[in-house]
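Residue-level structure breakdown
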Amino acid sequence: MDSEITLWVDGRRETLSVDTRTTLLDALRERLGVTSPKKGCDHGQCGACTVLLDGRRATSCLTFAVANDESEVVTAEGLAEGDEPHPVQRALLENDGFQCGYCTPGQVCSAVGMLDEVKSGWPSYVTEDLDESVELDEDEIRERMSGNLCRCGAYANIVTAIREAAE
Amino acid sequence: MTGATRATSPGPERIEGHAKVTGTARYAFEHPVADPLYLHPLRATIARGRVTSVDTTAAERVDGVRLVLTHHNAEALVPIGDPELAVLQSDEIAFRGQLIGAVVAETQESAAHAADLVEIRYERMAHDSDFRDDADIVYTPDADASPMLSPDLEEGDVDAALADAAFTVDATYTTPTEHHNPLEPHAVIAAWDDDGLTLHDSNQGSHLVRDLIAPLFGVDKERVSVISPHVGGAFGSKGMPHGHVALTALAARHTAGRPVKYALSRTQMFELVGYRPPTRQRVRLGADREGRLVATEHDSLEQTSRFKQYAEQSASASREMYTSPNRRVTNRLAALDVPAPTWMRAPGEAGGMYALESAMDELAVSAGIDPVELRLRNEPEVAPVSGLPFSSRNLPACLREGAERFGWHERDPRPGVRREGDWLVGTGVAASSFPSLFFPGSLATIRHESGGKYRVEIGAVDIGTGSRTALTQLAAEALEVPVEAVELWLGSTEQPHASLAGGSAGTASWGSTVVEAVRAFRTEHGHDPVSGAETTAGAGKNPDAGEYAMHSYGAQFAEVRVNADTGEVRVPRMLGVFAAGRIVNPRTARSQFLGGMTMGISMALHEHSVVDERFGHVVNHDLAGYHIAGNADVGSVEVDWIDEHDPHVNPVGVKGIGEIGIVGTAAAIGNAAHHATGVRVRDLPLTPEKFLR
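None of these values were measured; they are calculated from a predicted model.

All names here are of chain A. One open sheet holds the five strands; their spatial order is β2-β1-β5-β3-β4, and the pairing between them is mixed. What marks the edges here is a single partner per strand, and that holds for β2 (12-19) and β4 (56-59). Between one strand and the next, the sheet's axes are offset by a mean angle of 40 degrees, whatever the strand orientation. Across the sheet, helix α1 (residues 24-31) touches β1 (2-9), β2, β3 (50-53) and β5 (71-74), and the angle it forms with β2 is around 110 degrees.

Dropping the structure here:
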């Protein structure tokens, strides 16, 4: 069964007819040619498909496209302004916070979403004082970024990059 | 020659960095192709036997299905000696999960749905997938299994030396099946047209894929193009093309030129693209009163597949590491009805050095000698066994520098006496080593475009190692032009032939090729070449090959905390100091070491593919069940290296850095866990229950 939906992808309006079994990730990649979000597991276990969905980070493989009519999707490609990378992307470049690059767009979207969560005062599992504003130390970054796997093992550099970008 | 590098420049950022952080770098599955079809595989649900019938009626009725391919309608491939590539050539099943067919449809969803509707019946045969030391399944690999090393080695009288030794260790270590799990699943787009076959493929060497796939289909190599500009990690699993490449190309024979796309699911990767085989290793060490080794014995048993032999020879780690007048090394294989293992980051060394370096720690404890000092006392003057001089060997400098920086000298050697709250705290050390390899046969083209701009082409690949950036630097240096004046092209068979990315030999092999090609270019065209001047050349034979023993070395230090109540193991701090020849780009090289050490933490603490012997498959076949280290599993990881100038290894003086970072990591962590708790765990991974007793 097909349904017509509209998505706002990196600021562009896209109207398409999707098989109701199609995930948001596959709609982006195979139907719209938006391949910045990556498919690493298709099970929400690796985080490579992370996008900002209506402003919050989300694994786009775990939601059907048809359930996201009129949603706003921002990918890592959309976070950059042309040749000018987002501050998180700039910090990852400087700190070599990636190698193969396949998890990287997901790490970028996750980090941007995460920094917003911290700004909004959301605590994490490692937040000690739930009444105070969150202090974004390395343990907070590690905990909050653990939904994004990196098999090349760039975590130490990712943490440094996000700390720098947050300053 | 000693003293840690204090790099004045961190090295250029990755050339393709912007494309990677924005996600615009195109990986295999992402290449825009016109009117593609999607493949979903059919896979065996029994571990051994044969297919007796296939009913495709219901599948073929599904809207959008264009092809159901099985051994009944697949064309005959040319036998080229690789059973993994001979897909759909018979009804035989050699392991559970084997490719036995495919559905090709207009969408992924239709293909997957139709594949579920194919009814396959089997004749089951008894299978054996239980890895164990049993004469029925154990054999000695033949010499061509691992061409560089014979499986066995014996020098002196190990038994007599052990009987007279002041201190001895006799311990058995086990390592489990581990899966590479690069974040980018193996993927390929195959299309046939009048010119031949085009593959957009994720691999460690486009030329190797062509060299195998072309003869498999009986076509000239020139008629197969393999395009792989970006590869999302590999770690050995993309070294040799696996069955999915052949299957997709076979299916594309039936689609009248329409491209066929197939990306493996994460679960399929646990059966179709190789793994690190489990090992059982017994190490016996004997030392005199001063801790000098008098006997070294290392026996390894590893799993292989009945379907395709693979031998990585873990015990060979003990051939050249330390001086020992008496030495015995044996490597055996246990053949089972399982998928074929393959190279996984530091194949042989990762598991073998875990055993040897754990045993060295046990010897240090029993002899009452500091583990750093014990290693220094067993440092060989020349390479054991071969008697060759070392091209360079700075393991002592790594150990000393690392000990200084880690604060090793304040260490109380007593195990199980430091407690902070609920946590028992300890530190450990292990040495690492990896051979410095060079693969001959690569070619590079140097072309002067105009105005001092150069185009350099080599059919190498960047699987995340930073080779695109390092080769650009080496080319610019040899050409004596700024990095910005060089445009480097790699990642496709459109460029000259190059060896695969493996054996930590990429920069050594391709870098030497580029530098020698520049020399040939200057000889032919001088220093003021005309626009369009072009030379293609490769690196010759290294006159020092066979004259020196060539290895990288390193020292790994770990701080470990083990929860006294739960047994949970944490690694808050690691330091690795390496001696690996010339470091071309400190920024990206550091990431290589860091990545190896991080994968080593993962190997030490988490990774274990659990096989259900009743069915012959890996049970925890996804990234929830098979845990790889996540961000919060990794604490502070510091990396540094010794300035090392090695004139013998190759023209660029690099020794290879892609694998050594994982070597010794698990031993350092296991040794630190023993220091923390007094419990010696000899079975990876170091999961909580093993510390509770």
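This part covers the interface of chain B and chain A. Contacts between chain B and chain A engage 59 residues on the former and 51 residues on the latter. Interface area for chain B against chain A, summed over the two sides, is near 4,300 Å², with a carbon-plus-sulfur share of 52%. It is Val21, Leu183 and Asn631 of chain B in chain B that bury the most area against chain A; as a group they hold 18% of the surface buried on that side. Where chain B packs against chain A, one counts six salt bridges. Residue Glu30 of chain B pairs with Lys38 of chain A through a salt bridge whose shortest N-O separation is 3.1 Å. The interface formed by chain B and chain A includes 36 residue pairs in polar contact (both at pLDDT 80 or more). Sort the elements by how many residues they give to the side of chain B that touches chain A and helix α13 (residues 586-605) of chain B lands first, with ten residues. Partitioning the side of chain B that touches chain A into residue classes produces 21 nonpolar, 25 polar and 13 charged.

Moving on, we come to the domain arrangement of chain A. Residue and element names in this part refer to chain A. Partitioning chain A into domains gives domain 1 (2-79) and domain 2 (87-166). Using only C-alpha atoms to locate each centre, domain 1 and domain 2 end up separated by 22 Å. Contact with domain 1, which involves 18 residues of that partner, is made by 18 residues of domain 2. A buried area of about 1,400 Å², summed over both sides, lies between domain 1 and domain 2, and 56% of it is on carbon and sulfur atoms. Where domain 1 touches domain 2, the interface holds one salt bridge. Ionic pairing is found between Arg57 and Glu117, a salt bridge with its closest N-O pair at 2.9 Å. Run the count over domain 1 and domain 2 and you get eight residue pairs in polar contact (both at pLDDT 80 or more). Among the secondary structure elements, those contributing two or more residues to the side of domain 1 that touches domain 2 are β3, β4 and α2 (76-79). In terms of residue count, the dominant contributor to the side of domain 1 that touches domain 2 is β3 (three residues). Here the residues of the side of domain 1 that touches domain 2 are counted per class, giving seven nonpolar, six polar and five charged.

Let's shift gears to the pattern of salt bridges. Residue and element names in this part refer to chain B. A full pass over the atoms with the stated rule returns 64 salt bridges over all chains. Put simply, Glu487 and Arg455 hold a salt bridge, and the shortest N to O gap is 3.9 Å. Taken together, the positions of Glu487 in strand β21 (residues 486-489) and Arg455 in strand β20 (residues 453-457) put the pair 32 residues apart, joining distant regions of the chain. Residue Asp633 pairs with Arg570 through a salt bridge whose shortest N-O separation is 3.7 Å. Of this pair, Asp633 sits in the loop between β26 (617-618) and β27 (636-641) while Arg570 sits in strand β24 (residues 569-579), placing them 63 residues apart in sequence.

Residues and elements named next belong to chain B. Among the 13 residues in strand β23 (residues 551-563), twelve count as buried, and that is most of the element. Here 13 bridges tie strand β18 (residues 423-435) to β23, and the two strands are oriented antiparallel to one another. Residue pairing across strands places Trp423 opposite Asn563, the latter belonging to β23. Two elements, β23 and β24, share nine bridges in a ladder whose sense is antiparallel. Among the inter-strand pairings, Glu559 is bridged to a residue of β24, identified as Arg573.

Glu109, Ser110, Ala111, Ala114 and Ala115 of chain B are the residues of helix α3 (residues 108-117) of chain B that are buried. Taken together, the buried residues of α3 of chain B touch β2 and α1 of chain A together with β1 (37-43), α2 (57-61), β3 (65-70) and β5 (99-105) of chain B.

This paragraph deals with the UniProt feature "domain: Aldehyde oxidase/xanthine dehydrogenase a/b hammerhead" (unreviewed entry) in chain B. The UniProt record marks residues 22-126 of chain B with the feature "domain: Aldehyde oxidase/xanthine dehydrogenase a/b hammerhead" (unreviewed entry), using the residue numbering of this structure. The span residues 22-126 of chain B is 15% helical and 33% strand by assignment, and the distance between its end C-alpha atoms comes to 51 Å.

Thresholds, definitions, all that
Residues numbered from 1 in each chain as written. Chains lettered and ligands numbered in written order. Predicted model: local features only at pLDDT ≥ 70, side-chain atom pairs only at ≥ 80, totals over all residues. Heavy atoms only, no water. Pairing = 2+ DSSP bridges. Helix = DSSP H or I, 4+ residues; strand = E, 2+ residues; numbered from the N terminus. Axes fitted to C-alpha atoms, helices over the stretch in contact; angles between N-to-C directions. Contact = heavy atoms within 4.5 Å. Buried area = accessible area lost by both parts, 1.4 Å probe. Salt bridge = Lys/Arg side-chain N within 4 Å of Asp/Glu carboxyl O. Polar contact = N/O pair within 3.5 Å; in protein donor to acceptor, adjacent residues only side chain to side chain. Nonpolar A, V, L, I, M, F, W, Y, C, P; charged D, E, K, R; others polar. Domains from an automatic or database assignment. Buried < 20%, exposed > 50% of the residue type's maximum accessible area, 1.4 Å probe, protein only. UniProt positions renumbered as here; feature names shortened; annotations may be inferred.

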